[in-house]
Each structure stands twice: as C-alpha cells, then as structure tokens.
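# Descriptive analysis of the structure
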Amino acid sequence: MGNDKIALVSLDLGRAPPRQSTQAIRAKVKEAAGIEHLFLCASHTHHGPVLELNDWPDAQHSYVHDLEQKLADVIIEADKTLRPSKIGFASVEVPFNRNRHSKLADKPVDREFLVMRVEDMDGKPIAHAVNFGAHPTMREARDLRFSADYPGALAAVVEKEMSVPCLFLQGAAGDLSPNPGSDAGPDQFGQRLGQHALEMAKTIRCEAAVKHQLLTSEDDFRFKSRIDLANPAIKAGYVHAFFQGIVDFYDREYQEGVRPHLTTALLDGKIGMVGVSGEFFCGHSLSLKKRARLQHLLFLGCCNDYHQYFPTIEAASEGGYGADATVSAAEVGAGELMMNRALINLYKMRGKLTDLRPKE
C-alpha cells in the first residue's frame, strides 16, 4: 500500500453502473492503466437512463455496454496525462439543502459544501470537484427528457470560468433535498451553487503532497433483504409501482442478499474519501466525518453500483419513504456497519489501529 492509483469519475446519471458493469470497467482499466480502485460517482439525477437493463435502446445497441467502454476509455486517457500536481480544499456550511424525511424538530442536515482544486506545479488549474448532498429532483417529473438537473448547471458555471473540468460528487443525499429559496429551477439553483463554488475555489491555496501516499481499501458486504420479492403479491405491487424489467433485476440481485460495496481511500494521511453504493441518509456522513478526525472527508453516495436507500437506525424507526422497506432493501443497521468499517479502514491507514493476530 502507498502507491495505489484511483480514478475519480463524476457521472450525470441516476446511479453508478451496476455490479457487472463496474466489474467490466475495473478489468479494462486495470489491464490498460494499472488502476484497480474506482470511484464511479453518479449525481443521482432523476432524469437519466435505467442502467440495470442492458437492452436499451435495443439488445444490439446497448447503452450500458457503450457506457462501460466510454468510461474505461476516459479513465485510461486521463492516466496518460498524469503529471505532478498540487491539491487544496475549501469547506463551508451552506443553507442550500434540507432534510426531506424526518419530522423531528432537530432533524439532521449535512450542510457541508466542499470544493477541491487540483492544479499543476505552476499553479494552473487542472480540475475542480464539488462534494454536496441534495437530491437532483428539480426537473419536473413529467418532463421525460434526459437532464443533468442542478449538478449539470453547477459544473457548467465553473467550467466556463475556469476552462477545466468540474466534477460534481453527490454526498449523503438519501434524506436531503435542495433548498433553493428564490432560485426555484434546476438551472438557476445550479448556477447559484456554481458561483458559490467559484468564489470558494479562488480562495484555495493548493499544496504539494508531503507524504506522497495514497492508501485504499475495498469492502463487500452481504445483508438480509427486507423485501420478499419471492412473494407474488409483493412482487406484483412493485411491478405496479415501477415496471417489470427493473423488478426482475432486483429479484435476481437480492436473491443472495443485498450486497453493497464500500471504497475507502486516504490521501497523504489527512484527506479521506468514502464511496458507498447507495443513497445513504445524512446522519451517516455527519457521524463519520466527526468520528474520522480528518482534515477533510469526502462522502460519495451512489458510487460503484447501487443498492437503494440506507437510512440510519433512528430514521428507520420513523418510517417513511427511503426509511421503510419499500426502497430500503438492506436490513436495518446495514449503513452503520458499513460506516464502522470505513472508520476502521481510515484509522488503520493512519497506523492508529493494529491487529495483533497475523493475517491468514
């Protein structure tokens, strides 16, 4: 460990590519570029294509299969342009999101708006990234056109001003919605966030790495499913609410339990990145950021596959959409177990936790 490479990819999609697609992308970039660790981060726009089905628009011209190759190609191309760089961060709390789930007076909200800037050794920008949690659901549902929603408008503002890519990295938005105020539409709201990101980016002072150390960990889990799709009545209800193809996919996917993935990375001993394959409630990110005791921690939701909602135990006790079994398939407490593993990983990477037993 210490010389790992990661690929950080932002996607204007509803979710990250599913298990088989992610595995295919991993295999391609490992062979071509030696990159074994990915953060494929979907914005979670609700106006994107369904990735669980590989026969759209038809079996001979699969969007999903084309996506696998395109993502592998862009990662491999980026690897060819690697060069020495500096990195910097700015983080503030903002009023731009709200808890859409809890009825409690002290409902949690992760208000962190984090901007990352990467520049070359001469101070010229290479890229920016924004980590923020809020559902991209501002485009009207009856509008069936594909749309990047507010994250697309945010990135466009930064890219126009800076002339380099801007990645939107969705946070723990399971229970968070935008709080746009007078900027009611996705374009207006995204542009406001983009201007905010620009103002922050201009204050960042990037520094070269001291340790030049990147540590990574990949963890798979298996949880009992709260959804019994083997029950014809329950399955019929899901088909009525969604559609046959997507229900059949999850019927197959969850036969062996709900199997989410966790990717953890630590840069230079002080910058953490935690990617989770689902929509985590913000209580998870708030707790992890506090417990990890890092300079910055990027919480990346809808990353590397997708396994629906992961409410906190407290949120599950309240019930409601995202917290009950309707779209939260993993057993209650699954999110906490994954966060504990991420926390252990981060402390082990810093040498603060050691095992006395030899590895088997």
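Here's what I pulled together on the structure shown here. (Residues numbered from 1 in each chain as written. Predicted model: local features only at pLDDT ≥ 70, side-chain atom pairs only at ≥ 80, totals over all residues. Heavy atoms only, no water.)

The sheet built from 4 strands is open, its strands ordered S11-S12-S13-S15 with mixed pairing. Of all strands in the sheet, those with a lone pairing partner are strand S11 (214–220) and strand S15 (296–300), marking the two edges. In this sheet, adjacent strand axes meet at a mean angle of 10° when their direction is disregarded. Sheet analysis places strand S13 (residues 271–276) next to S15, joined by 5 bridges and oriented parallel. Opposite Gly275, over in S15, you have Leu300 as the bridge partner. In the packing of helix H9 (residues 334–349) onto the sheet, the strands contacted are S11, strand S12 (261–267), S13 and S15, and the crossing angle to S12 comes to about 25°. (Pairing = 2+ DSSP bridges. Helix = DSSP H or I, 4+ residues; strand = E, 2+ residues; numbered from the N terminus. Axes fitted to C-alpha atoms, helices over the stretch in contact; angles between N-to-C directions. Contact = heavy atoms within 4.5 Å.)

A few words on empty space enclosed by the protein. Applying the stated criterion across every chain yields a total of 3 cavities of 30 Å³ or more. Of the volumes computed, that of the largest cavity is approximately 60 Å³. For the lining of the largest cavity, a count of residues per class yields 3 nonpolar, 3 polar and 3 charged. Roughly 40 Å³ of internal volume is contained in the second largest cavity. Residue lining of the second largest cavity: Arg226, Tyr309, Phe310, Pro311, Ser328, Ala330, Glu331, Val332, Gly333, Ala334 and Gly335, and that is the complete set. Of all elements in the fold, only strand S16 (309–310) and H9 reach the threshold of two or more residues within the lining of the second largest cavity. (1 Å grid on protein atoms, 1.4 Å probe; cavity = no way out; pocket = protein on both sides within 12 Å on 5 of 7 lines; lining within 4 Å. Points joined across faces, edges and corners; volume = space filled by probe spheres on them. Nonpolar A, V, L, I, M, F, W, Y, C, P; charged D, E, K, R; others polar.)

Let's shift gears to the nonpolar core. Formed by 37 residues in total, the largest nonpolar core has its most connected members in Val274 and Met338. Take this core: its biggest share by element is 8 residues, from H9. Counting residues in each nonpolar core, the second largest holds 26 residues, with Val94, Ala134, Met138 and Ala201 among its members. (Core = buried A, V, L, I, M, F, W, Y, C linked by side-chain atoms within 4.5 Å. Buried < 20%, exposed > 50% of the residue type's maximum accessible area, 1.4 Å probe, protein only.)

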